[in-house]
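What follows is the residue order along each chain.
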Amino acid sequence: MIDNVERFPVLETDRFILRRITLDDAKEIYNYFSKDEVTQYYDLDSFTDIQQAINLIERWDERFKGKQSIRWGIARREDNIMMGSCGYHNWAHRNFKAEIGYELSPLYWRQGVMTEVLTAIIAYGFEHMKLHRIEAFYDPANIASKKSLLKAGFKYEGLLHESFFEKGRFVDAEICSLLASDTN
């Protein structure tokens, strides 16, 4: 479990600061969640109003305070501008597992951002949240996401036919996982 729920953990990588997302980040979140290429594989429709970004930030914050999830903003070291987010949701404390999810502004795609960020967040999950298993679900057509997960050490487990209902239809999902014992 997170040691102190009131103190949000800040993580650092060579290029990024992973920090709490605040209402000051609403503009950046709105900017990338309003792009269809970002929400194509996401369980949200593209944003049409900045209030949707504010609501999402508030929901992430409530879930963190309730020890249900944790979502870090990915900010560039040089200017602290948020470019995406990554974190854990569907945190099953009793089973020592959580699902990892992420998104990134298209301006930063194909630059190794998620590979770098996932390394820090995975380490936090195993060391501080005491997770045994981290799961990731993704659309089979989202090859970039699958590549990022495999680079981070995840193992492909299979295809789940019509496993999620998103945007008015049932969709397939692929699942991969990483166990604490895989990182030793």
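So, here is what we can say about the structure in this document.

Cut-offs and rules
Residues numbered from 1 in each chain as written. Predicted model: local features only at pLDDT ≥ 70, side-chain atom pairs only at ≥ 80, totals over all residues. Heavy atoms only, no water. Pairing = 2+ DSSP bridges. Helix = DSSP H or I, 4+ residues; strand = E, 2+ residues; numbered from the N terminus. Contact = heavy atoms within 4.5 Å. Axes fitted to C-alpha atoms, helices over the stretch in contact; angles between N-to-C directions. Patch = residues over 30% accessible without salt bridge, like charges linked within 9 Å, V, L, I, M, F, W, Y side chains within 5 Å. Areas by Shrake-Rupley, 256 points an atom, 1.4 Å probe, with all protein chains shown as cover. Salt bridge = Lys/Arg side-chain N within 4 Å of Asp/Glu carboxyl O. Buried < 20%, exposed > 50% of the residue type's maximum accessible area, 1.4 Å probe, protein only. Polar contact = N/O pair within 3.5 Å; in protein donor to acceptor, adjacent residues only side chain to side chain. Phe/Tyr/Trp six-rings, centres within 6.5 Å; stacked < 30°, edge-to-face > 60°.

**Notes on the sheet that holds strand β3 (residues 70–76)**
Thought 1: Taken together, the eight strands give an open sheet; going across it, the order is β1-β2-β3-β4-β5-β6-β8-β7, and neighbouring strands pair in mixed fashion. In this open sheet, the two strands that pair with only one neighbour each are β1 (11–12) and β7 (155–166).
Thought 2: The sheet contact formed by strand β5 (residues 97–104) and strand β6 (residues 133–138) spans three bridges and is parallel. Bridging across to β6, Lys-97 finds its partner in Arg-133.
Thought 3: Contacts from helix α1 (residues 26–33) reach β4 (82–92) and β5 within the one sheet, and its direction differs from that of β4 by about 85°.
Thought 4: Strands in contact with helix α3 (residues 50–65) are β2 (16–20), β3, β4 and β5; relative to β2, the strand with the most contacts, it is inclined by about 75°.

**What about a nonpolar patch on the surface?**
Thought 1: A grouping of Leu-150, Tyr-156 and Leu-159 is seen on the molecular surface, where their side chains present a nonpolar patch of about 260 Å² in accessible area.
Thought 2: Along the polypeptide, Tyr-156 turns up in strand β7.
Thought 3: Look at Tyr-156 and you get partly exposed, because its relative accessible area is 39%.

**Observations regarding the side chain of Glu-103**
Thought 1: Counting through the fold element by element, Glu-103 comes out in strand β5.
Thought 2: Side chain to side chain, Glu-103 and Tyr-42 meet in a polar contact 3.1 Å long.
Thought 3: There is a polar contact of 2.6 Å between the side chain of Glu-103 and the side chain of Ser-85.
Thought 4: The contact partners of Glu-103, leaving out residues within four places of it in the chain, are Tyr-32, Phe-33, Val-38, Tyr-42, Trp-60, Arg-71, Ile-74, Gly-84 and Ser-85.

**Some thoughts on the pairing of β4**
Thought 1: Burial analysis of β4 places eight of its 11 residues in the buried class, which makes it a mostly covered element.
Thought 2: Following β3, the chain reverses through five residues before pairing antiparallel with β4; Asn-80 in that reversal takes a positive phi of roughly 60°.
Thought 3: With seven bridges joining them, β4 and β5 adopt antiparallel strand pairing. The partner of Tyr-88 across the bridge, within β5, is Ile-100.
Thought 4: Hairpin remark: β4 followed by β5, antiparallel, with four residues in the connecting loop; positive phi at Phe-96, about 55°.

**Considering the side chain of Arg-133**
Thought 1: Looking at where Arg-133 falls in the secondary structure, it is placed in strand β6.
Thought 2: Classification of Arg-133 as buried rests on a relative accessible area of 17%.
Thought 3: Looking at Arg-133, its side chain comes within polar contact range of the side chain of Glu-157, at 2.8 Å.
Thought 4: Apart from residues lying up to four places away in sequence, Arg-133 is in contact with Phe-96, Lys-97, Ala-98, Phe-126, Glu-157, Ile-175, Ser-177, Leu-178 and Leu-179.

**Details of the packing of aromatic side chains**
Thought 1: Tallied over the full model, the rule gives nine aromatic pairs.
Thought 2: Aromatic side chains Phe-33 and Phe-47 sit 5.1 Å apart centroid to centroid with 35° between the ring planes, which places their arrangement in the tilted category. Of this pair, Phe-33 sits in helix α1 while Phe-47 is found in the loop between α2 (36–39) and α3, placing the two residues 14 residues apart along the sequence. Like Phe-33, the residue Phe-47 is buried in the burial classification.
Thought 3: Their ring planes at 65° and their centres at 4.9 Å tell us that Phe-165 and Phe-170 sit as a pair that is edge-to-face.
Thought 4: The exposure class of Phe-170 is exposed, given its relative accessible area of 52%.

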